[in-house]
Amino acid sequence: MKGKKTKAVRILESLSIPHSIHEYEVDEQNLDAIHVATSVGQDPARVFKTIVLRGNKTGPVVCVVAGNDEVDLKKAARISGNKSVEPLPLKELLPTTGYIRGGCTAIGMKKKFPVFLSGKAMSFDSIYVSAGVRGMQIEISPADYIRATDASVADITSETV
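Definitions and limits used
- Starting from 1, residues in each chain are numbered consecutively following that chain's sequence as written.
- Since the coordinates come from a predicted model, pLDDT governs what is reported: local features require at least 70, and pairs of side-chain atoms require 80 or more to be given and counted, while whole-chain, interface and lining totals use all residues.
- Note that water and hydrogens are dropped before the side-chain values are worked out from all heavy atoms of the structure.
- Whenever a pair of cysteine sulfur atoms sits within 2.5 Å, that pair is classed as a disulfide.
- Salt-bridge detection follows one rule: a side-chain nitrogen of Lys or Arg within 4 Å of a carboxyl oxygen of Asp or Glu.
- Secondary structure counts use DSSP, requiring at least four H or I residues in a row for a helix and at least two E residues in a row for a strand, with both numbered from the N terminus.
- Buried means the residue's accessible area, taken with a 1.4 Å probe over protein chains only, is under 20% of the maximum for its type, while exposed means over 50%, and partly exposed covers the values in between.
- Remark: nonpolar core denotes a set of buried residues (Ala, Val, Leu, Ile, Met, Phe, Trp, Tyr, Cys) joined through side-chain atoms within 4.5 Å.
- We call two residues in contact when some of their heavy atoms are within 4.5 Å.

Glancing now at the state of the cysteines. The tally for this structure, following the rule as stated, stands at zero disulfides. Counting only cysteine sulfurs, C104 is the nearest neighbor of C63, a cysteine outside any disulfide, at a range of 12 Å.

Next comes the structure, spelled out in structure tokens:
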């Protein structure tokens, strides 16, 4: 995979957005963000996962939250203009977004969907997001990520105790 340019990386380059690539060994049995964070030597709070939901009114909605957080479905529904949202069934992820589980990113999805980035991202100089394939993360400033995805910053996570 060394040197492989994903669609997401090509988009960032075309927009002249500074970023860096971090590759890691993929464990097919453990694709969660906590494992990815450990693999790239980062705090899970800085490694953001992309969760695709389906709204009852809008269709697909993309939520991007820290690896150690969960999307609050009520908040996500409200912020996206839906009465309710539910996780997109896994079998629909690739046909809908162009990406697979563990390699999904809001950068360069098949269609432009509403993207909501957890406000927690704004407390970091840079965050890590999937590069569009398993085993590769993009390090990017939150402001540049917002520019690349046209994301809205929102409170979309559950309160952690």
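The next point concerns the pattern of salt bridges. Between side chains of opposite charge, a pair can form as their charged atoms come close. Applying the stated criterion to the full structure yields nine salt bridges. Note that R134 is salt-bridged to E28, the shortest N-O span being 2.6 Å. Of the two residues, R134 sits in the loop between β6 (127-130) and β7 (136-140) while E28 sits in the loop between β1 (20-23) and α2 (33-39), which places them 106 residues apart along the sequence. Judged by relative accessible area, E28 falls into the partly exposed class, the value being 48%. For D155, the salt bridge identified is with K75, shortest N-O distance 3.3 Å. You can see D155 sitting in the segment after β8 (152-154) and its partner K75 sitting in helix α3 (residues 73-79), a full 80 residues away along the chain. The class for K75 is buried, based on a relative accessible area of 14%.

Let's shift gears to the nonpolar core. Judged by nonpolar contacts, the single largest core of 30 residues is most densely connected at F48, L117, I127, V129, I138, I140 and Y145. If you list the elements that add at least two residues to this core, you get α1 (7-14), β2 (48-55), β3 (59-66), β5 (115-118), β6, β7 and α5 (142-149). Residues within four places of Y145 in sequence aside, it is in contact with V64, A106, I107, L117, I127, V129 and I140. Core analysis: the second largest hydrophobic core is formed by 11 residues, V71, V85, F116 and I156 among them.

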